Every structure is written in C-alpha cells, then in structure tokens.
Amino acid sequence: MNGSRHLMPARDPAERIKNFEEVALGYTRDIAREEAARCLNCKNAPCMKGCPVGVRIPEFIAKVKADDLDAAAEILHADNNLPAICGRVCPQEKQCEGLCVRAKAGGAIAIGALERFVADFALSKKADASGAAQNSYKIKNDAQNDANVDFSGKKIKVAAIGSGPASLSCAADLARRGVQVTVYEALHKAGGVLVYGIPEFRLPKDIVFKEIEGLKALGVNMVTNVVVGKTLFIDELLEEYDAVFIGSGAGLPMFLGVEGENLCGVYSANEYLTRVNLMGAYKEGAVTPVLRGGKVVVVGAGNVAMDSARTARRLGAEVRLVYRRSRAEMPAREEEILHAEEEGVIFDLLVNPVKILGDENGFVRGLKLIKMRLGEPDASGRRSPVPIEDSEYDIEADEVIVALGTTPNPLIKNSMPSLEVGRKGVISVDGEGRTSIPRLYAGGDAATGAATVILAMGAGKRAAKAILEDLKVR
Ligand code: FAD
Ligand code: SF4
Ligand code: SF4
C-alpha cells in the first residue's frame, strides 16, 4: 500500500554540531507528493481527533498530492495560525500521527513534515515587501473579519498577556473577527518559548518572526517590555479592555534543592537557553556571557534538557546528561534523544546529584552524584528511583544546567489575589478558558503547567471562541 513513510532529511551530525543551523532539512516537492500519496483520505479522519486546533488533515494532504499547494496552504491556515512552527515542533507522534491508520502499514503519514512543507511554501511565496506572509490565506478564509462590534454596536478591545503560542493563537482568532487585540509581552521580543526557549537548530527564529509579522498584518498590536503585575496591572487592563487573556506561560524553573546551587556557573535551563537564543550568545562577538567549551553537565532528561545539552555541544562543550532513572523512563521525545546521542551527548543514567561542588572563587568545579536503582512504580506509573547507599562519587563540571521543569510565575497571581489558582500555581479555568474573574480568561502553560505548543494554541483558540460568545460579538 503506497510504500513506507518518507524520512525527514537531516544534516550530518558531525557537521551540524559546528553551528546553529536547522537540523531537519524539510521535504522536497517530490518527496512531499509521494508522502501525501500514502494518505488513504479516510472518511472519518481519525488523525484529526489528535489535532487540538482541528487542522483538516486529509483535505490539505489531498491538495499536496494533487500538487495544488496554494489550496493546501489555504486549508491549513484556516485552522492553524502557526503551521510552520507546528510542523516543526508538534509532538506529532502523540497527536495527529499517533491516530493515523497507516501506523501499522509502513508508518503513520508524516503529517507534521507535510504541514511544514506547505507552510514553508506559503511563507516563501508571500514573503514580499509587505511582510504580510501567509495572511492572505487566512483573511480569504474568514468572511467575518470586519465584524468588530458587539450587539450594541460598540467596538471590542481585548488585551493578551504574554506573546507565546497561547496568546498568539487567541489574538489571531479574535483579530480575524475584527476585534482590536493588544498583546503585552515582558521580554523585548515577541514569541514566548518559541523565541527564548526552543533553539534555532530546531526552530529558526526567522520562521517565528515571519509568523508574528503575519499576525501583525492581521491588525494585532504587539507591545514589548511590559511586565504585567509590575508596571501595568490586570485591574487596569480590565478597565481599558472588554476582556483580558492571560497567556503568561510557565517560566518559573524548578531546582534540585541541593547545596551549591547558587554557585557561579549553575543555570536553570530557561536562563541558559534564553542567554543563547534570545541574547544571541552563540553568535561570534556576542556580549552575553555563556561558557564556550569546557565540561557541561545537564540535569534532567526531558526535551528541555536535550535542547540544553545540544546547545552546549554546539558551543564546543563536552556534555554529560545526568538522569536518575533509566533510558526507558526518559520523558524527552525519542527523536530528540537520538539527535542528542548522534551529536555526542554522553548519558549518565541512574544517577542523581546530591551536591554541586565549588572552587575557592565561588565557581562550579563539579558535582557529587549518587547511584540509583529502580524501585516500584510511582504515581506517574514510572518506576521510582531509589538511592544506593554509599555509592556517591564526584565528576568534574565547569557549568551545570538544571532542566527539571517549570511552573507558572507567581507574579500574575500575586498581583491579582482574587484570581483562583490550583496546584503549583496554575490558573484555574473552565473548559473554555474562563477564570474565576469575569472577563478574564487564561490558557496555555499558565493554566496547565508546562505542556506543548499545540495544546497552548488549542487553549488560545477555545478562549477566543469563549470571548466572542461572552461579549456577543456579531
Ligand atoms: P510561553 O510560550 O511560555 O509564553 C509566555 C510569554 O508570556 C513569554 O514570552 C513570557 O515572557 C510572557 N510573560 C510571562 N509573564 C508575563 C507578564 N507578567 N507580563 C507580560 N508577559 C509575560 N513544546 C512543543 O510542543 N514542542 C517542542 O519541541 C517544545 N520544546 C520546548 C523546548 C523548551 C526549551 C521549552 C522551555 C519548552 C518547549 N516546549 C515545546 C513547550 C512549549 O514551548 C510551551 O508549552 C509553549 O510555548 C507554551 O505556550 P504559552 O503561550 O502558554 O507560553
Ligand atoms: Fe498535527 Fe500539530 Fe499539525 Fe495538528 S498542528 S495536524 S497536531 S502537526
Ligand atoms: Fe490520511 Fe492517516 Fe489521516 Fe487516514 S488517518 S486521513 S491515512 S493521515
């Protein structure tokens, strides 16, 4: 039945660790057509049930098969505001591709790779002087884009806090209905984790900026360098705007809680990646301090740990990743683990740091690790790590990057005490993103804890729908 899934072409590991250029090269037009021809165009489209934003997968793939890329782009953009990004970073194997009926017949259709191919085609075609990118597709698909009034004829204004995928997706859906949206971002560049977290070699920033330019062309107003809860308050926003969406993410890092974590040279993964991605520490002549070369130890085994380890490799370091469980329990995507291995990251499994060691000047010089064994499964279903008595040993390190997860920053909650939050400070919302406060909505990592781009986008879309319904936008 139409052969096996076409692999994504990738750059050679020995070459790619020398720079930050994108690792995955993308399909050619011929490969894309061949891969699209594998799709069975299933009537009930099980794959679509795995897509939080409801991309009409069989329809856009059928257009790729027919080599009608304009039509494919139009279908794609109708439901997905950031397809060039999702095609690159969605955990497709757990989402759409996880439900594809061809999984057992040559492999699931490479929906993500096809999405990336079509979105890149649209971006390259529309990257003209206006910078309007792919928006002609979006606007064409939206008959109501000039409806910006409620039933009483009043103009609708909405503010979004944070400029990650949750806010961008919410803002785009509102703007397409003619609502006047202003996004307030704490950092100096818009994009959230897409810009400051996910490294250039997985998601080129140029792609993110082009997608954001597309949203601006829809009329979304981006205001950077504003920390809501410090210089501007939610109360004030609720006075000025008809509704406010909180998409402030989960940027507060968790630490090990061991002695030595305050030594110079210990970073949270967020800080390390922000220095490199947002402040350009990887570029020649950059003024942002970050170690080049040396011995780097990354603690953790999720996607963020893999991104940190692969970034340090590109900065010339010998990189060890230490994890307290075994490879089978690593939370990172298999593809990320394989890429890290190919790039020479050393995995030290079943060990846990008990202390970070410093020198007489307060800089990191190593870690004290303890060996672990796997015990009974814990609440997460994974076998829990148990320390092996008297098994401590020391390793050298010039830099330690802690990648143990993140929670929402308490700033928003602290500045708005009446806002209900749940465990680990995640904002409590109903299924449509309504918070405990009227006209205040939330979604994405701020309301779920650290999750994924596509789940954040799905939440942003649901909140946009709820805002339109609650404000009775015509
Ligand atoms: P964010 O993207 O975190 O954006 C929130 C924004 O709000 C930030 O720009 C922040 O500066 C701003 N903000 C915070 N507080 C305030 C305030 N008080 N005032 C104004 N602005 C504020 N997911 C995937 O699907 N695939 C991946 O491959 C992947 N890789 C990842 C790699 C890394 C290194 C990290 C850290 C995460 C990764 N994720 C990945 C997770 C994904 O990026 C997040 O789930 C997603 O970005 C959440 O979107 P969001 O809009 O909720 O928040
Ligand atoms: Fe799949 Fe993500 Fe595209 Fe949806 S947006 S179809 S989940 S790759
Ligand atoms: Fe195509 Fe797979 Fe979706 Fe069927 S389930 S329509 S084969 S992508």
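Residues numbered from 1 in each chain as written. Chains lettered and ligands numbered in written order. Predicted model: local features only at pLDDT ≥ 70, side-chain atom pairs only at ≥ 80, totals over all residues. Heavy atoms only, no water.

Caption draft 1: Main features of a negative patch on the surface. A contiguous patch of negative charge, built from D235, E236, E239 and E240, is present on the exposed surface. Examined against the element boundaries, E236 turns out to sit in helix α11 (residues 234-240). (Patch = residues over 30% accessible without salt bridge, like charges linked within 9 Å, V, L, I, M, F, W, Y side chains within 5 Å. Areas by Shrake-Rupley, 256 points an atom, 1.4 Å probe, with all protein chains shown as cover. Salt bridge = Lys/Arg side-chain N within 4 Å of Asp/Glu carboxyl O. Lys, Arg positive; Asp, Glu negative; His and termini not counted. Charge placed at Lys NZ, Arg CZ, Asp CG, Glu CD. Helix = DSSP H or I, 4+ residues; strand = E, 2+ residues; numbered from the N terminus.)

Caption draft 2: Structural detail: the packing of aromatic side chains. For the coordinates displayed, the defined rule picks out 3 aromatic pairs. When the centroid spacing of 6.1 Å and the interplanar angle of 50° are considered together, the rings of F20 and F201 count as tilted. On the criterion of sequence distance, the pair formed by F20 in the loop between α1 (13-16) and α2 (29-37) and F201 in the loop between α9 (193-196) and α10 (205-217) is long-range, its members being 181 residues apart. In this pair, the class of F20 matches that of F201, namely buried. Measuring from ring centre to ring centre gives 6.3 Å for Y184 and Y241, while their planes differ by 80°; the resulting arrangement is edge-to-face. Of the two residues, Y184 is situated in strand β2 (residues 180-184) and Y241 in the loop between α11 and β4 (243-246); the sequence distance between them amounts to 57 residues. Residue classification places Y184 among the buried residues on the basis of a relative accessible area of 10%. K157 extends its terminal NZ or CZ atom over the ring of Y241, reaching a point 5.3 Å from the ring centre. In this arrangement the basic side chain of R314 is found over the ring face of F201, its NZ or CZ atom lying 3.8 Å from the centre. (Phe/Tyr/Trp six-rings, centres within 6.5 Å; stacked < 30°, edge-to-face > 60°. Buried < 20%, exposed > 50% of the residue type's maximum accessible area, 1.4 Å probe, protein only. Lys NZ or Arg CZ within 6 Å of the ring centre and 35° of its normal.)

Caption draft 3: Region of the structure containing helix α8 (residues 165-175). Across the 11 residues that make up α8, a large majority, 11, are buried. Among all positions in α8, only P165, A166, S167, L168, S169, C170, A171, A172, D173, L174 and A175 are buried.

Caption draft 4: The sheet that holds strand β7 (residues 295-299), seen in detail. Ordered in space as β6-β14-β7-β8-β9, the 5 strands form an open sheet in which the pairing is parallel. Each edge of the open sheet is held by one strand with a lone partner, namely β6 (266-268) and β9 (346-349). For this sheet the average axis-to-axis angle between neighbouring strands, irrespective of direction, equals 20°. Pairing of β7 with strand β14 (residues 399-402) involves 4 bridges; the strand directions are parallel. (Pairing = 2+ DSSP bridges. Axes fitted to C-alpha atoms, helices over the stretch in contact; angles between N-to-C directions.)

Caption draft 5: The arrangement of the packing of α2 against helix α3 (residues 57-65) in detail. For the pair α2 and α3, the least separation of the axes is 8 Å and the interaxial angle reads 130°. One way to sum up the angle between α2 and α3 is to call them oblique. Crossing geometry of α2 relative to α3 is assigned as left-handed. Residue-level inspection shows A32, R33, A36 and A37 of α2 in contact with α3, the latter providing I61, V64 and K65. For the contact of α2 with α3, the class distribution of residues is 5 nonpolar, no polar and 2 charged. (Parallel < 35°, antiparallel > 145°, perpendicular 65-115°, else oblique. Left-handed = near helix turned anticlockwise from the far one by under 90°. Contact = heavy atoms within 4.5 Å. Nonpolar A, V, L, I, M, F, W, Y, C, P; charged D, E, K, R; others polar.)

Caption draft 6: Just the site of ligand 2, in detail. Lining the immediate environment of ligand 2, one finds C51, V55, I57, N80, C86, C90, Q92, Q95, C96, I111, E115 and I454. Looking at the shell around ligand 2, its residues break down into 8 nonpolar, 3 polar and 1 charged. (Near = heavy atom within 4 Å.)

Caption draft 7: Broad picture of the domain arrangement of the protein. Looking at the protein, the domain boundaries give domain 1 (13-123), domain 2 (143-251 + 407-470) and domain 3 (255-404). Computed over C-alpha atoms, the centres of domain 1 and domain 2 are 26 Å apart. Here domain 1 packs against domain 2, burying approximately 2100 Å² in sum over the two surfaces, 73% of which is carbon and sulfur. Area buried by domain 1 at its contact with domain 2 is led by N81, L82 and I85, which between them contribute 30% of it. (Domains from an automatic or database assignment. Buried area = accessible area lost by both parts, 1.4 Å probe.)

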